Amino acid sequence: MTSLSATLLVTSLLLCGLVVEHVWTAVADKPPMGWNSWNHFACDGLNEKVVLQAAEALVSTGLKKAGYQYVNLDNCWQEPTRAANGSIVPSRERFPNWEHMIYKIHDMGLLFGLYTDFGLTTCGEKAPGSWEHEEQDAKSYAFWNVDYVKDDDCKAPPGVLSPPGYKKMSEALRATGREIVFSVKQSQPIESARSVCNLRRVTHDIKDTFYDMMREVEVNHDDGLAKYAGPGFWNDMDMIEIGNGNMTFTEEKTHMAFWCLLKSPLILGNDLSNMSQQTVDLLSSDNAIAINQNSLGIQGTRLTAFDSGLTVAIAILTNCSEAAAAHHEWHVDRGVLLRNMATGNCLSSMGPAPGDFPSPLQPVVLPCNETDAYQQWEYANSTNQFISKATGLCLDIAKATIPKYQLRMVKCEKNKAQQKFSPVGDHGNIQSMFKDYS
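Residues numbered from 1 in each chain as written. Predicted model: local features only at pLDDT ≥ 70, side-chain atom pairs only at ≥ 80, totals over all residues. Heavy atoms only, no water.

Caption draft 1: Geometry of the overall build of the chain. If you tally the helices and strands in the chain, you get 11 helices and 20 strands. Each of the 438 residues in the chain was classed as buried or not, and the buried ones make up 56%. Of the roughly 18,000 Å² of accessible surface on the chain, a fraction of 49% belongs to carbon and sulfur atoms. (Helix = DSSP H or I, 4+ residues; strand = E, 2+ residues; numbered from the N terminus. Buried < 20%, exposed > 50% of the residue type's maximum accessible area, 1.4 Å probe, protein only. Areas by Shrake-Rupley, 256 points an atom, 1.4 Å probe, with all protein chains shown as cover.)

If you want it as structure tokens, here you go:
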């Protein structure tokens, strides 16, 4: 397939009043944002001091204000054996003040998460897994006021697949009555994952290389996972490697853009107590985070990739109820162009390689070219339609599987509500006049 390591044009069209049916839940209605200990500290570096320093850094750097709130411990927080009564026990050496540490994290306005494995032991046989202790462990997590559980799949009992183990832990966590985000690995079939968990990993553990980061993106696209994502359930492309030093800043910007666009949880994996201001600024990018945290929860999808220039153009829909940041704002420029206020790019009724597009055509976002007929639009005041000057087709909102609504170019029908738009507001936001799909 054509590589996604390309110039990424990310934008959104502000559509008002759409009724979008999603399975809303009180937990993970947006992709979780926070920090995890594994990528940088692994087992050897994990201890109470490191965790509290990470929590304090979330607050002091402004990352908490940007939306990062979970402080998650990965493997090795446990003692290597259970207590006599079967209870899971925090490492006394690493976390001598376990419950007080959790209290301090919550007192900072943050949330706390930890790691387990559905099998007999955790990965690397470092600690006991939750197999046949699901209810007991879930009660311990709730007693400790845990807010997030990451469940691995390393050491299953012979002949046992992960789905039964994940379902047991899922039911046990729900039975506690505490709202806990539940994250599992890709061994849980995607078709049933939404009923079991909030997050499902896309592929194997990420590494701090551009190639490995892009592998996560490619798998997410190739496996058609976008149709499963939405409020309460997200495709997890693993922790973010930004700030760990092995990628260039341009590669890290691509990393951030894709994680936000594809609605992956934004779980940082670097040393938060030792970051450059450049790293902090990238991780707290308002525009990128706003796309990731958009309330409709529509995962970005690739419309096409062009071999000449390798451009990926992706459109996202959002609600007017949210503050209209510049990346949501469109302006009718010079009477013919539909220009995005943040990117300066324009909506085109057809890309440069028409044969690549399905029928009906999907509009794409491209660098503005006022001489390109495909970027020239006529607004018909009498019918409230945007008509492509190149094709004579009208901009239309179509019901789809994922996202729930897509823009497309179809034959103009003057009474069709899905084709009615009204430029409104000081910034020229384009408001859909389409209220629902009946």
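Read on, since the account is not over.
Caption draft 2: Representation of the pattern of salt bridges within the structure. Considering all chains together, one arrives at 13 salt bridges under this definition. Taking the shortest distance from any N to any O, the salt bridge between R82 and D137 comes out at 2.8 Å. Placement of R82 in the loop between β3 (70-72) and α4 (98-107) and of D137 in helix α5 (residues 134-143) is noted, with a sequence separation of 55 residues between them. Since its relative accessible area comes to 18%, R82 is described here as buried. A salt bridge links R201 to D205, with the nearest nitrogen and oxygen atoms 2.8 Å apart. In this structure D205 comes out as partly exposed when scored by relative accessible area, which is 40%. Bridged by salt links that share partners, the residues D152, D153 and K185 form one connected network. (Salt bridge = Lys/Arg side-chain N within 4 Å of Asp/Glu carboxyl O.)

Caption draft 3: Highlighting the side chain of T254. Examined against the element boundaries, T254 turns out to sit in helix α9 (residues 249-261). Take T254: its relative accessible area is 17%, and that puts it in the buried class. Those residues within four positions of T254 in sequence are excluded, and the remaining contacts are F210, M213 and M214. (Contact = heavy atoms within 4.5 Å.)

Caption draft 4: Local environment of the side chain of K185. Turning to its location among the elements, K185 is positioned in the loop between β6 (181-184) and α7 (190-193). Here D152 takes part through its side chain, which lies 3.1 Å from a polar atom of the side chain of K185. Those residues in contact with K185 that sit more than four places away from it in its chain are D151, D152, D153, Y166, R200, R201 and D205. (Polar contact = N/O pair within 3.5 Å; in protein donor to acceptor, adjacent residues only side chain to side chain.)

Caption draft 5: The arrangement of the sheet that holds strand β2 (residues 33-36) in detail. Spatial strand order, β8-β7-β6-β5-β4-β3-β2-β9: eight strands in an open sheet with parallel pairing. Sheet topology places β8 (234-236) and β9 (266-268) at the edges, where each strand pairs with a single neighbour. Strand after strand, the sheet turns through a mean of 25 degrees between neighbouring axes, direction not considered. In the sheet, strand β7 (residues 199-201) pairs with β8 via three bridges, with the strands oriented parallel. Along β8, the bridge assignment pairs L199 with W234. Packed on one face of the sheet, helix α2 (residues 48-60) meets β2 and β3 and runs near 165 degrees to β3. Where α4 meets the sheet, its contacts fall on β3 and β4 (111-117), and the angle it forms with β4 comes to roughly 135 degrees. (Pairing = 2+ DSSP bridges. Axes fitted to C-alpha atoms, helices over the stretch in contact; angles between N-to-C directions.)

Caption draft 6: How the structure looks around the state of the cysteines. Inspection of every chain in the model, using the stated rule, returns four disulfides. The partner cysteine of C123 in its disulfide is C154, sulfur to sulfur 1.7 Å. Judged by the sign of its S-S torsion, about 85 degrees, the bond between C123 and C154 is right-handed. Here C154 lies in the loop between β5 (148-152) and α6 (162-175) and C123 lies in the loop between β4 and α5, a separation of 31 residues in the sequence. (Disulfide = S-S within 2.5 Å.)

Caption draft 7: Structural context of the environment of V160. Structurally, the position occupied by V160 is in the loop between β5 and α6. A C-alpha to C-alpha distance of 8.8 Å links V160 and G119, two positions 41 residues apart in sequence. Sequence-distant contacts of V160, defined by excluding residues within four places in its chain, comprise F118 and W131.

Caption draft 8: Inspection of unusual backbone geometry at higher detail. Of note in this structure, E132 is not a glycine but carries a positive phi near 65 degrees. Within the secondary structure layout, E132 lies in the loop between β4 and α5. Positive phi, close to 60 degrees, is recorded for N384, a residue that is not glycine. Tracing the backbone shows N384 in the loop between β15 (377-380) and β16 (385-388).

Caption draft 9: Region of the structure containing the nonpolar core. Ranked by internal contacts, the top residues of the largest apolar core, which has 73 residues, are Y68, W77, W98, M101, Y141 and M256. No other element matches α2, which puts seven residues into this core. What M256 contacts, discounting residues up to four positions off in sequence, is Y68, I242, L266, L282, L283, A288 and I289. Core analysis: the second largest hydrophobic core is formed by 12 residues, L338, L347, W377 and M409 among them. (Core = buried A, V, L, I, M, F, W, Y, C linked by side-chain atoms within 4.5 Å.)

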